[in-house]
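Fold and geometry: a report
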Amino acid sequence: MLPVTSKYNVVLTYGTFDLFHVGHVRLLRRLAELGDRLIVGCSSDEFNRIKGKTCVMPFEHRAEILMACRYVADVFPEDSWDQKVGDIHRFNADVFAMGDDWAGKFDELSAHCDVIYLSRTENISTTRLKTVMRNWEDTAGKTTV
Ligand code: C2G
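We now turn to the structure provided with this report. Numbering of residues starts from 1 in each chain and follows the order in which that chain's sequence is written. Local features are withheld for residues below a pLDDT of 70 in this predicted model, meaning they are given only at 70 or higher, and side-chain atom pairs are given and counted only at 80 or more; totals for whole chains, interfaces and linings count all residues. Hydrogens and waters are ignored; side-chain quantities use all the structure's heavy atoms.

Looking now at the pattern of salt bridges. The working definition used for a salt bridge is a side-chain nitrogen of Lys or Arg within 4 Å of a carboxyl oxygen of Asp or Glu. Applying the stated criterion across every chain yields a total of 6 salt bridges. Glu-78 is the salt-bridge partner of Lys-84, the closest N and O atoms lying 3.3 Å from each other. Partly exposed residues are those whose accessible area sits between 20% and 50% of the maximum for their type, while under 20% is buried and over 50% is exposed, using a 1.4 Å probe and protein chains only. In this structure Lys-84 comes out as buried when scored by relative accessible area, which is 4%. Asp-87 is the salt-bridge partner of Arg-90, the closest N and O atoms lying 3.1 Å from each other. Note that Arg-90 and Asp-87 are positioned in helix α4 (residues 84-90) at a spacing of 3 residues, about one turn of the helix. Helix numbering and strand numbering both begin at the N terminus, where a helix is a DSSP run of H or I of at least 4 residues and a strand a DSSP run of E of at least 2.

Here it is as structure tokens:
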């Protein structure tokens, strides 16, 4: 009986990846385990304005950090909601995968490749880190002489 491989060839995902944290790392590791190459669409600063997100880190920094991640084979800019079908064909992706806070939102892509949503890592988020840093600054500001 030949071993059944569930390995995909090219895994495609997207995100802002601001203040890169362990939730991002764990997701990227699990996405990379799905296939041979993980390619990441990193949201541009302009696209994040459309998404209503204010980033701490500029796109260039977020993309460089993603490229330094051992699980990521390539990074490209995500500039709009509408580029995913083109990207799937551009990169010959056979699976599109995201964390499950997006569950159901991209099911229409199943006409072009498999679609998978993986569970998010609880108790960590960029928003939470921003709050922790703000509180830290407030406290640190009060204690310095
Ligand atoms: N994520 C996770 N666990 C967390 C935080 C994030 O698994 N604790 C996952 C998200 O589910 C997402 C990826 O990490 O799949 C990137 O998260 P964000 O940077 O918040 O991405 P977002 O701004 O939601 O952009 O077109 C899709 C959008 O660009 C997604």
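The subject of this paragraph is helix α1 (residues 22-34). By this rule the span expected of a helix is its residue count minus one, scaled by 1.5 Å. Look at α1: 19 Å from first C-alpha to last across 13 residues, which is about the 18 Å you get at 1.5 Å a residue. All buried positions along α1 are accounted for by Gly-23, His-24, Leu-27, Leu-28, Leu-31, Ala-32 and Leu-34. An end-on view of α1 places all buried positions within 160° of arc, on one side of the element. Starting at the helix axis, one direction is taken to each C-beta atom, and the arc is that of these directions.

A word on the sheet that holds strand β5 (residues 114-118). Between any two strands, pairing holds if DSSP finds at least two bridges. Taking strand neighbours across the sheet as the criterion, the 5 strands line up as β3-β2-β1-β4-β5 in an open arrangement whose pairing is parallel. Both outer strands of the open sheet, β3 (74-78) and β5, are each paired with one neighbouring strand and no more. Averaged over neighbouring strand pairs, the angle between their axes works out to 25° when direction is ignored. Across 7 bridges, the pairing between strand β1 (residues 8-15) and strand β2 (residues 35-43) is parallel. If you follow Val-10 over to β2, its bridge partner there is Arg-37. Should any heavy atoms of two residues lie within 4.5 Å, those residues are considered in contact. Helix axes are fitted to C-alpha atoms over the stretch in contact, other axes to C-alpha atoms as well, and angles between N-to-C directions run from 0 to 180 degrees. Most of the contacts of α1 go to β2, to which it runs at about 140°, and overall it touches β1, β2, β4 (95-99) and β5. Across the sheet, helix α3 (residues 59-68) is in contact with β2 and β3; its angle to β2 comes to roughly 170°.

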